[in-house]
Amino acid sequence: MTLPASFFARPIAHRALHDRKAGRVENSLASIKAAIDAGYGIEIDVQLSSDGHAMVFHDDVLDRLTGATGPVRARSRDDLAAIPLKDDAGTIPSLETVLEAVAGQVPLLIEIKDQDGAMGPDIGPLEEATCQALKNYQGNAALMSFNPHSVAACAQSGPDIPRGLVTSSYKPQFWPKVPRDVRQTLREIPDYDRVGACFISHEANDLDRPRVAELKAQGAHILCWTIRSAKQEAEARRIADNVTFEGYLA
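Residues numbered from 1 in each chain as written. Predicted model: local features only at pLDDT ≥ 70, side-chain atom pairs only at ≥ 80, totals over all residues. Heavy atoms only, no water.

Draft legend 1. Here's a closer look at the overall build of the chain. When helices and strands are counted, the chain shows 9 helices and 9 strands. What you see for the chain is a C-alpha radius of gyration of 17 Å, in line with the 18 Å of a compact globule of 250 residues. Dimensions of the chain, computed from C-alpha atoms along their principal axes, come out at roughly 45 × 40 × 35 Å. A sequence separation of at least 24 residues applies to 57% of the contacts in the chain between residues at least 6 apart. (Helix = DSSP H or I, 4+ residues; strand = E, 2+ residues; numbered from the N terminus. Rg over C-alpha atoms; globule rule 2.2 N^0.38 Å. Contact = heavy atoms within 4.5 Å.)

Pasting the structure below:
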């Protein structure tokens, strides 16, 4: 299993091509359509609804990006799809809605957000919902997660869908809910072979980690997050095969 060539043809827009001042917030249909029009690949996030559907939304709570409050997973797909986004004319889309809009025009990189809360094994429904949504999708799509348990679950629910790990230096200030021993373990990317990954998407400022070089030498594709300038992109491309970007046009 490997990533299709389309994932390296153009940079990948982080949470789609969002620009809040232009009325396009992250993960919205407006941002997704803007990325398609520009020919970029698209990275999106999925969270779980109360009735078991994958919704395209980054946070686990509604407060930052909508006028509503509380957990995403406390509301149904229909309820979430009716919630207006701040500074955007759209509402929270389901993964099925996004797949219909993208329709294979550009590659789609889907991050499954950790549902356990501490990168543990309390996962499953979101991975299953995501793979089911992709079952008959004809375009290029790939799955990834910070939580190796999620990636392993995708190997069971969608074995033919390319999958990878989102990886990080796991500095404690950015991961306060993840136990120290778990951070130390994940930092060294021990699960790559176990979960059947074919790529990692690694923290850009940590690309010089020896384990990244080791995986690349073994044939792993290396993506990275999140690039915010042309200068940073040039530096990252010395190691990474492609970049996930925002805040400028890569």
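Having seen it, we continue.
Draft legend 2. View of the pattern of salt bridges. Enumeration according to the criterion identifies 13 salt bridges in this entry. Across the salt bridge formed by Glu214 and Arg211, the nearest N and O atoms sit 2.5 Å from each other. Taken together, the positions of Glu214 and Arg211, both in helix H8 (residues 210-217) and 3 residues apart, correspond to about one turn of that helix. Looking at Glu214, the relative accessible area reads 40%, which means it is partly exposed. Look at Arg211 and you get buried, because its relative accessible area is 14%. Put simply, Arg15, Glu26, Asp45, Asp59, Arg64, Glu111 and Lys113 are held in one network by salt bridges that share partners. (Salt bridge = Lys/Arg side-chain N within 4 Å of Asp/Glu carboxyl O. Buried < 20%, exposed > 50% of the residue type's maximum accessible area, 1.4 Å probe, protein only.)

Draft legend 3. Spatial organisation of the layout of surface pockets. In this structure, the largest pocket spans a volume of roughly 1200 Å³. Taken together, 47 residues form the lining of the largest pocket, with His58, Lys113, Phe146, Phe174 and Trp175 sitting closest to its centre. In terms of residue count, the dominant contributor to the lining of the largest pocket is strand E2 (residues 41-48) (4 residues). Split into classes, the residues belonging to the lining of the largest pocket amount to 17 nonpolar, 14 polar and 16 charged. By volume, the second largest pocket is sized at about 180 Å³. Forming the boundary of the second largest pocket are 13 residues, of which Cys131, Leu134, Lys135, Tyr137 and Ile161 lie nearest the centre. Residues belonging to the lining of the second largest pocket are distributed by class as follows: 6 nonpolar, 5 polar and 2 charged. (1 Å grid on protein atoms, 1.4 Å probe; cavity = no way out; pocket = protein on both sides within 12 Å on 5 of 7 lines; lining within 4 Å. Points joined across faces, edges and corners; volume = space filled by probe spheres on them. Nonpolar A, V, L, I, M, F, W, Y, C, P; charged D, E, K, R; others polar.)

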